[in-house]
Amino acid sequence: MTAASAASATQLTSDLALALELADLADAVSIGRFRAIDLDVQTKPDRSPVTEADLAVERAIRERLAAARPGDGILGEEFGTEGDGARQWIIDPIDGTANFLRGVPVWGTLISLAIDGVPILGVASAPAMGRRWWGATGLGAWTTTSAAEAGASDAGASDAGASDAMAVADTEAAGGDASVPGARRLQVSGVASLADASLSFQSLAQWREAGYLDRLLALSERVWRDRAYGDLWSYMLLAEGLIDITGEFDVKPYDLAALIPIVEEAGGRFTAITGERGPWSGSALATNGALHDVVLAALAGDA
């Protein structure tokens, strides 16, 4: 490793540690207002909802970044773009605001750092589910296990001690995440056939409005199972190897940027539905990698 690459790796590890700190900060703000009977909800000009928690989380993250990385830019859902440097933090303070305001626990904060428009790290934190996922280029993708999952594992796995030891060894090899209690490495599935694949389509209305509903329905006839898990959770289920394909339309960079490094570091592929890389094209398709080309072709109407 050259001195330059070592310095870059050290910076990335530091940035990831900061992103995890930001997630702690966000969780403390958001969970305190979840299911609050006096939650203030407004409607934005695009008719999407925004709560006081969305605004408070993004403010808290921006304040911390201003202190910790004053030269970096920020793109956030609620307060727009600040700064114009190569380094840009991309923030969705509450992904799944509609779920949040209805009391559904599938929502979370998305935090990414992009360099020249390419996301290099991402954190997705879902405090109402007791879960967090994160990844960074070259450092792998990781998650924490909820108390319920940990209990089930302890009760049912005779080789839990060996598994824990392997998890810690993996974490240490990835650059210090062994300090995160219960961390385990993520890996997408090895499913290689559409007939065996599980698909999450997010929202039929999105596909209809984009003019792709017929193609989605045709694809659904070729897979083993289809569901709409929704928001960040679909992508994290993919990164954990629990589903194999997820896609959607009408998405912004802050909806996707944090998810890309997690999926890719877990071994998956992430593009727009039209094949472009990155979070900038208004749609998303994530797969376990093995299925990506055949799904792209199906959605293009070529197969």
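One can find the structure itself at the top, above this paragraph.
Report on the accompanying structure. The residue numbering used here restarts from 1 in each chain and proceeds along that chain's sequence as written. Local features in this predicted model are restricted to residues of pLDDT 70 or higher, and side-chain atom pairs are both shown and tallied only at a pLDDT of 80 or more, whereas totals for entire chains, interfaces and linings draw on every residue. Values reported for side chains reflect all heavy atoms of the structure, with hydrogen atoms and water molecules removed beforehand.

1. Details of the layout of surface pockets
Of the two site types, the cavity is a set of points on a 1 Å grid over the protein atoms alone where a 1.4 Å probe fits but cannot get out, and the pocket is an open set with protein on both sides within 12 Å along at least five of seven lines, each lined by residues with an atom within 4 Å of a point. Grid points are joined across faces, edges and corners, and a volume is the space filled by probe spheres set on the points. The calculated volume of the largest pocket comes to roughly 770 Å³. Lining the largest pocket we find 29 residues, and of these S48, Q206, D231, D250 and D255 sit closest to its centre. Note on residue classes: Ala, Val, Leu, Ile, Met, Phe, Trp, Tyr, Cys and Pro are nonpolar, Asp, Glu, Lys and Arg are charged, and everything else, Gly too, is polar. In the lining of the largest pocket, the residues fall into nine nonpolar, eight polar and 12 charged.

2. Some points on the pattern of salt bridges
When a carboxyl oxygen of Asp or Glu lies within 4 Å of a side-chain nitrogen of Lys or Arg, that pair is called a salt bridge. Counted according to the given criterion, the structure contains 17 salt bridges. For the salt bridge of D24 with R132, the shortest nitrogen-to-oxygen distance reads 2.9 Å. Taken together, the positions of D24 in helix α1 (residues 3–31) and R132 in strand β8 (residues 131–136) put the pair 108 residues apart, joining distant regions of the chain. Partly exposed residues are those whose accessible area sits between 20% and 50% of the maximum for their type, while under 20% is buried and over 50% is exposed, using a 1.4 Å probe and protein chains only. Classification of D24 by relative accessible area gives partly exposed; the value is 46%. Put simply, R132 and D27 hold a salt bridge, and the shortest N to O gap is 2.9 Å. Separated by 105 residues along the polypeptide, R132 in strand β8 and D27 in helix α1 bring together distant segments of the chain. Relative accessible area serves as the criterion here: at 12%, R132 is assigned to the buried category. Judged by relative accessible area, which is 13%, D27 ranks as buried. Each of D15, R69, D72 and R87 takes part in one network of salt bridges that share partners. A run of DSSP states H or I qualifies as a helix once it reaches four residues; a run of E qualifies as a strand once it reaches two. Both are numbered from the N-terminal end.

3. Some words on the side chain of D72
With respect to the helices, strands and loops of the structure, D72 is situated in the loop between α2 (52–68) and β3 (73–76). Here a polar contact means two N or O atoms within 3.5 Å. Within protein one must be a hydrogen donor candidate and the other an acceptor candidate, and residues neighboring in sequence count only if both atoms are side-chain atoms. Among the polar contacts made by the side chain of D72, one reaches the side chain of W89 at a distance of 2.8 Å. When sequence neighbours within four positions are dropped, the list of residues in contact with D72 reads R87 and W89. Working rule for contacts: check all heavy atoms of both residues, and any pair within 4.5 Å makes them a contact.

4. Some details on the nonpolar core
The nonpolar core is taken to be a set of buried Ala, Val, Leu, Ile, Met, Phe, Trp, Tyr and Cys residues, with the residues joined through side-chain atoms within 4.5 Å. Core analysis: the largest hydrophobic core is formed by 27 residues, its most contacted members being W133, Y235, I262 and F270. If you tally residues by element for this core, the top one is helix α8 (residues 231–239), at six residues. Ignoring sequence-local partners within four residues, the contact set of W133 consists of G122, V123, A124, A126, W142, T143, L186, L232, W233, M236, E240 and I262. Ranked by size, the runner-up nonpolar core spans 25 residues in total, among them L12, A23, W89 and V180.

5. Considerations on the sheet that holds strand β13 (residues 245–249)
The criterion for strand pairing is that DSSP finds at least two bridges linking the strands in question. Spatial strand order, β12-β11-β13-β15-β14: five strands in an open sheet with mixed pairing. For this open sheet the edge positions go to β12 (225–227) and β14 (269–271), each flanked by a neighbour on one side alone. Each strand axis lies, on average, 15° off the axis of its neighbour in the sheet, ignoring direction. Pairing between β13 and strand β15 (residues 283–287): five bridges, direction antiparallel. Inter-axis angles, ranging from 0 to 180 degrees, are taken between N-to-C directions of lines fitted to C-alpha atoms, where helices are fitted over the stretch in contact.

6. A closer look at the side chain of T246
Here T246 shows up in strand β13. Assessed through its relative accessible area of 0%, T246 is described here as buried. In terms of polar contacts, T246 uses its side chain to reach the backbone carbonyl oxygen of S200, at 3.2 Å. The contacts of T246, once residues within four sequence positions are left out, are S200, Q202, S234, Y235, A284, L285 and A286.

7. Quick word on the sheet that holds β8
Strand order in the open sheet formed by eight strands is β4-β3-β5-β6-β7-β8-β9-β10, and the pairing between neighbours is mixed. With one partner strand each, in any of the chains shown, β4 (80–82) and β10 (183–185) form the two edges of the open sheet. For this sheet the average axis-to-axis angle between neighbouring strands, irrespective of direction, equals 15°. The pairing of strand β7 (residues 118–126) with β8 spans six bridges and is classified as antiparallel. Paired with V123 across the two strands is W134, which belongs to β8. On top of the sheet, α2 reaches β3, β4, β5 (87–95) and β6 (108–115); it is set at about 155° to β5, its chief contact. Set on the sheet, α8 makes contact with β5, β6, β7 and β8; between it and β8 the angle comes to about 65°.

8. Examining helix α7 (residues 213–220)
Taken together, the buried positions of α7 are L213, L216, L219 and S220. End-on, the buried residues of α7 take up no more than an arc of 120°, which puts them together on one face. Buried residues along α7 sit in contact with β11 (198–200), α6 (204–210), β12 and α11 (292–299). Along the arc lie the directions from the helix axis toward the C-beta atoms.

9. Some words on the pairing of β3
Remember that side chains alternate between the two faces of the sheet whenever the strand is regular. The side-chain alternation of β3 yields two buried faces, one formed by G73 and L75 and the other by I74 and G76. Pairing of β3 with β5 involves four bridges; the strand directions are parallel. Bridge pairing in β5 places G76 opposite I91. Joining the antiparallel neighbours β3 and β4 is a turn of three residues.

So yeah, pure geometry; function would need other evidence.
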